[in-house]
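Coordinate analysis (summary)
One letter stands for each residue in the lines below.
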Amino acid sequence: NLSNYFPQLTGTDADVRLIDEQHRASSSLYRFEVVNHPAHHKLFAKGVFLAKNSAHEAHRRADSRPRVTPGPTEAGRKVWLEYNDLKAIRENFETLDNPDFGTIRVLDYIQSPQTIIMEENRDPTLRSLFVKTNRLNHLLGKAPDLDRTFFNTGAWLKAYSALPNAEYAVTRLSRRED
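The sections below set out a description of the structure shown in this document. (Residues numbered from 1 in each chain as written. Predicted model: local features only at pLDDT ≥ 70, side-chain atom pairs only at ≥ 80, totals over all residues. Heavy atoms only, no water.)

**Some words on the nonpolar core**
Of all hydrophobic cores here, the largest spans 10 residues; its members are Y5, F6, L9, Y30, V34, A39, L43, A45, L107 and I117. Among the secondary structure elements, those contributing two or more residues to this core are β2 (28-36) and β3 (39-47). A per-element tally of this core places β3 first, with three residues. In contact with V34, other than residues within four places in its own chain, are L2, L9, A14, D15, V16, A39, H40, H41 and L43. In this structure, Y83, V106, Y109 and I116 belong to the second largest nonpolar core, which totals seven residues. (Core = buried A, V, L, I, M, F, W, Y, C linked by side-chain atoms within 4.5 Å. Buried < 20%, exposed > 50% of the residue type's maximum accessible area, 1.4 Å probe, protein only. Helix = DSSP H or I, 4+ residues; strand = E, 2+ residues; numbered from the N terminus. Contact = heavy atoms within 4.5 Å.)

**With respect to the pairing of β3**
Where burial is concerned, the two faces of β3 differ: the one with A39, H41, L43, A45 and G47 is buried and the one with H40, K42, F44 and K46 is not. As defined by bridge partners, β2 adjoins β3 across nine bridges and the pair is classed as antiparallel. When the sheet's bridge partners are listed, V34 is paired in β3 with H41. Where β2 folds back on β3, the antiparallel hairpin that results is connected by two residues. The pairing of β3 with strand β5 (residues 115-119) spans five bridges and is antiparallel. (Pairing = 2+ DSSP bridges.)

**What about the pairing of β5?**
Along β5, five of the five residues are buried, which leaves the element largely enclosed by surrounding structure. Burial of the side chains of β5 extends over both faces: T115, I117 and E119 are buried on one face and I116 and M118 on the other. Across four bridges, strand β4 (residues 106-110) lies against β5 in antiparallel orientation. Each bridged residue has a counterpart across the sheet, and for I110 the counterpart in β5 is T115. In textbook terms, the turn of a hairpin is the stretch between consecutive antiparallel strands, and for β4 and β5 this stretch comprises four residues.

**Overview of unusual backbone geometry**
Looking along the chain, the bond that leaves S112 and enters P113 is cis, with omega of -5°. Here P113 lies in the loop between β4 and β5. Look at D97: it is not a glycine, yet its phi comes out positive at around 50°. What makes D97 exposed here is its relative accessible area of 69%.

**A few points about the packing of aromatic side chains**
For the coordinates displayed, the defined rule picks out five aromatic pairs. For the ring pair F93 and W156, a centre distance of 4.8 Å and an interplane angle of 15° mean the geometry is stacked. Residue F93 is found in helix α3 (residues 75-96), and its partner W156 is found in helix α6 (residues 147-161); the two are separated by 63 residues along the sequence. By relative accessible area, F93 is classed as buried at 3%. Where W156 meets Y160, the ring centres are 5.4 Å apart and the plane angle is 10°; that geometry is what we call stacked. Of the two residues, W156 and Y160 both sit in helix α6, four residues apart, roughly one turn of that helix. Judged by relative accessible area, which is 38%, Y160 ranks as partly exposed. Ring pairing ties together the aromatic residues F93, F101, W156 and Y160, which thus form one cluster. (Phe/Tyr/Trp six-rings, centres within 6.5 Å; stacked < 30°, edge-to-face > 60°.)

Laid out in structure tokens, this is it:
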């Protein structure tokens, strides 16, 4: 199905390699590399790939934590909600037509097992930019200027906050007293 996401791969054989995998209490992440020269893409698969007893353990731990909001969202629904939210964010930001507003390209949702397929974002993270701002780099004049980055981050958050609520969204803690 790669040609659905990358039309330039239609009718060609692409080499798909697993780069990395990480397993967490309630989900797993897989990073893939898709290569068909000159095309080169990196993808994430994020989903619930857990054995029954580890899923039960994750749910038990989640239920035992104190919460500000009502109980945790069921894992399968959480993946579906995340997919729809990321897709809506991308669609909204594309209409703004601002190259400073980056979003993650969400490619697909697979129902069984609950999985989101998305393209890896190649932009530098805030963490990597902060690491480059150490004293030595400032003395050598190599530290990045973060003013533009923070301006864009603030503008992105403002645009994100103005997004309309999705019809499936459940409002939690809508009042200050909550």
